[in-house]
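For reference, the chains in residue letters:
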Amino acid sequence: SSAPKPDMTANSRLGCYNARDEYFICLENNGDDQAKCKELGKKYTTTCSQTWVKYFDIQRERLKSQGLKWTSPNMEGTHGTHSPQRP
């Protein structure tokens, strides 16, 4: 049987965004040392759907390649931006 799909209601979506942002900020503050952010990484990958994790990881790599720090593209969440991000 397939793994259960994460719940993507507003509360769980918010939980996903917060887990993602906390993990990415931890990585930035620790020179991308995943060992130092292991618990946050686990929370991120279990709170967010795997499709979202893949997408967010790509977004983060794109920002890093441009020399930019992670900024939440979402208005919701603890680290959310107050206006929609424009491409």
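Refer to the structure printed above.
Residues numbered from 1 in each chain as written. Predicted model: local features only at pLDDT ≥ 70, side-chain atom pairs only at ≥ 80, totals over all residues. Heavy atoms only, no water.

Novice: Got a sec to walk through the pattern of salt bridges? Specific residues and values, please.
Specialist: Inspection of every chain in the model, using the stated rule, returns 5 salt bridges. Linking Arg-60 and Asp-32 is a salt bridge whose minimum nitrogen-to-oxygen distance equals 2.5 Å. One end of the pair, Arg-60, is in helix H3 (residues 50-65); the other, Asp-32, is in the loop between helix H1 (10-29) and helix H2 (38-47), and 28 residues separate them in sequence. Put simply, Asp-32, Arg-60, Glu-61 and Lys-64 are held in one network by salt bridges that share partners. (Salt bridge = Lys/Arg side-chain N within 4 Å of Asp/Glu carboxyl O. Helix = DSSP H or I, 4+ residues; strand = E, 2+ residues; numbered from the N terminus.)

Novice: Residue-level account of the state of the cysteines, with values.
Specialist: For the structure on display, the rule yields 2 disulfides. In this model Cys-16 forms its disulfide with Cys-48; the gap between the sulfur atoms is 2.0 Å. The S-S bond linking Cys-16 to Cys-48 shows a torsion near 110°; that makes this disulfide right-handed. Of this pair, Cys-16 sits in helix H1 while Cys-48 sits in the loop between H2 and H3, placing them 32 residues apart in sequence. The class for Cys-48 is buried, based on a relative accessible area of 1%. In this model, Cys-26 is linked to Cys-37 through a disulfide, with the two sulfur atoms separated by 2.1 Å. In this structure, the disulfide formed by Cys-26 and Cys-37 twists by about -90° around the S-S bond and is classed as left-handed. Of this pair, Cys-26 sits in helix H1 while Cys-37 sits in the loop between H1 and H2; the two residues are 11 residues apart in sequence, bridging distant segments of the chain. The same class applies to Cys-26 as to Cys-37, namely buried. (Disulfide = S-S within 2.5 Å. Buried < 20%, exposed > 50% of the residue type's maximum accessible area, 1.4 Å probe, protein only.)

Novice: Report on H3, specifying residues and quantitative values.
Specialist: The end-to-end C-alpha separation of H3 is 22 Å, in line with the 22 Å expected for 16 residues at 1.5 Å each. The complete set of buried residues in H3 reads Val-53, Phe-56, Gln-59, Arg-60 and Leu-63. Along the axis of H3, the buried residues cluster in a sector spanning 125°; they form a single face. For H3, the exposed residues lying more than 90 degrees away from the buried face are Gln-50, Thr-51, Lys-54 and Ser-65. (Expected span 1.5 Å × (residues − 1). Arc of directions from axis to C-beta.)

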